[in-house]
Amino acid sequence: MTAEESVQRPKGNGFAQAIANSDQFRASTALGPGAFLDAGLPLLLFTVVYFVTDHNMTVAIWVALGSGAVLGAIRLFRREPLQNVIAGFVGLGLAAFLAYRTGRAQDIFLTGFAVNIGYGLAYLISIIVRWPLLGVIVGVVTGQGTSWRRDPALFRAYMKASALWVVMFALRLAVQVPLYLGGEERLGWLAGARLAMSWPLFLLVAYLSWVIIRPAFQAHQEREKALAAAQEDEPR
């Protein structure tokens, strides 16, 4: 890596870093190691323990919370941002509370549905108002700002890639909500679907987004550099 590339390397969102700096898609850049560890794992353990202990909700909840705490400690050891660790554990705690209050094991997945609905709507609305969320995120993290809106090719790339994320969130709901409505009999299938459609599906959509955005992003960066160089060469 050259000194110039080191200076320009953005900090923050891993996926934005992959878009801005990598000529090869790297899963470890797009998705932090903590996400590989805890995406759906506490809920999967909850489901296993719930059935093994003959539907003992209390034990299953404590196992899920305990695994969440251990995974949070691992993420802190890896020096991941504290707010990410806290947010993940608080989300797990809220899910466990809902299941405990209702007495329905499948309700531990409700917060996940809410998150997918929220993000899906955010991406969809951003496309409708023609401010694709991926463009906003990458623009902020890379320091590109809103210059991408003046580049038709890059604008279209952000629109197409943002639509992929809408599809991902919608697909998760389309598969998992019917399993949730199936009650306890489908709890194992729901936990499996939640795990399979977490980071594996995320990485697939992130890769496809990278394929769509990266060429237009590189071309935009080259034009911006050429323009800046031309302005510096102008007589004052």
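Residues numbered from 1 in each chain as written. Predicted model: local features only at pLDDT ≥ 70, side-chain atom pairs only at ≥ 80, totals over all residues. Heavy atoms only, no water.

1. Structural notes on the pattern of salt bridges
When charged atoms on two side chains of opposite charge get close, those side chains can pair.
For step 1, the next point in the chain: A complete count under the given rule lists two salt bridges for this structure.
For step 2, the next point in the chain: One salt bridge connects D107 with R104, and the closest N-O pair in it is separated by 3.2 Å.
For step 3, the next point in the chain: You can call D107 buried: its relative accessible area is 3%.
For step 4, the next point in the chain: Looking at R104, the relative accessible area reads 37%, which means it is partly exposed.
For step 5, the next point in the chain: For D151, the salt bridge goes to R223, with nearest N and O atoms at 2.3 Å. In this pair, D151 sits in the loop between helix 9 (133-142) and helix 10 (152-181) while R223 sits in helix 12 (residues 199-233), placing the two residues 72 residues apart along the sequence.
For step 6, the next point in the chain: Classification of D151 by relative accessible area gives buried; the value is 6%. (Salt bridge = Lys/Arg side-chain N within 4 Å of Asp/Glu carboxyl O. Buried < 20%, exposed > 50% of the residue type's maximum accessible area, 1.4 Å probe, protein only. Helix = DSSP H or I, 4+ residues; strand = E, 2+ residues; numbered from the N terminus.)

2. Quick look at a nonpolar patch on the surface
For step 1, the next point in the chain: Together, I117, L121, L124, I125, I128, V129, W131, V136 and V140 line one region of the surface with nonpolar side chains, adding up to about 820 Å² of accessible area.
For step 2, the next point in the chain: Secondary-structure elements contributing two or more residues to the nonpolar patch are helix 8 (110-128) and helix 9.
For step 3, the next point in the chain: Of all the elements, helix 8 adds the most residues to the nonpolar patch, at five residues.
For step 4, the next point in the chain: Tracing the backbone through its elements, the reader meets L121 in helix 8. (Patch = residues over 30% accessible without salt bridge, like charges linked within 9 Å, V, L, I, M, F, W, Y side chains within 5 Å. Areas by Shrake-Rupley, 256 points an atom, 1.4 Å probe, with all protein chains shown as cover.)

3. Brief notes about the packing of helix 8 against helix 10
For step 1, the next point in the chain: Packing of helix 8 against helix 10 leaves a shortest axis separation of 9 Å and a crossing angle of 150°. One finds that helix 8 runs roughly antiparallel with respect to helix 10. Here the hand of the crossing between helix 8 and helix 10 comes out left-handed. Within the contact between the two elements, helix 8 uses L110, F113, N116, I117, Y119, G120, Y123, L124 and I127 and helix 10 uses M159, S162, A163, W165, V166, F169, R172, L173, Q176, V177 and Y180.
For step 2, the next point in the chain: Its residues assigned to classes, the contact of helix 8 with helix 10 shows 15 nonpolar, four polar and one charged. (Axes fitted to C-alpha atoms, helices over the stretch in contact; angles between N-to-C directions. Parallel < 35°, antiparallel > 145°, perpendicular 65-115°, else oblique. Left-handed = near helix turned anticlockwise from the far one by under 90°. Contact = heavy atoms within 4.5 Å. Nonpolar A, V, L, I, M, F, W, Y, C, P; charged D, E, K, R; others polar.)

4. Some points on the side chain of Q144
For step 1, the next point in the chain: Topologically, Q144 is positioned in the loop between helix 9 and helix 10.
For step 2, the next point in the chain: When neighbours within four sequence positions are excluded, Q144 is seen to be in contact with G139, L154, Y158, F217, H220 and Q221.

Everything listed here is a matter of coordinates, which is why it stays silent on function.
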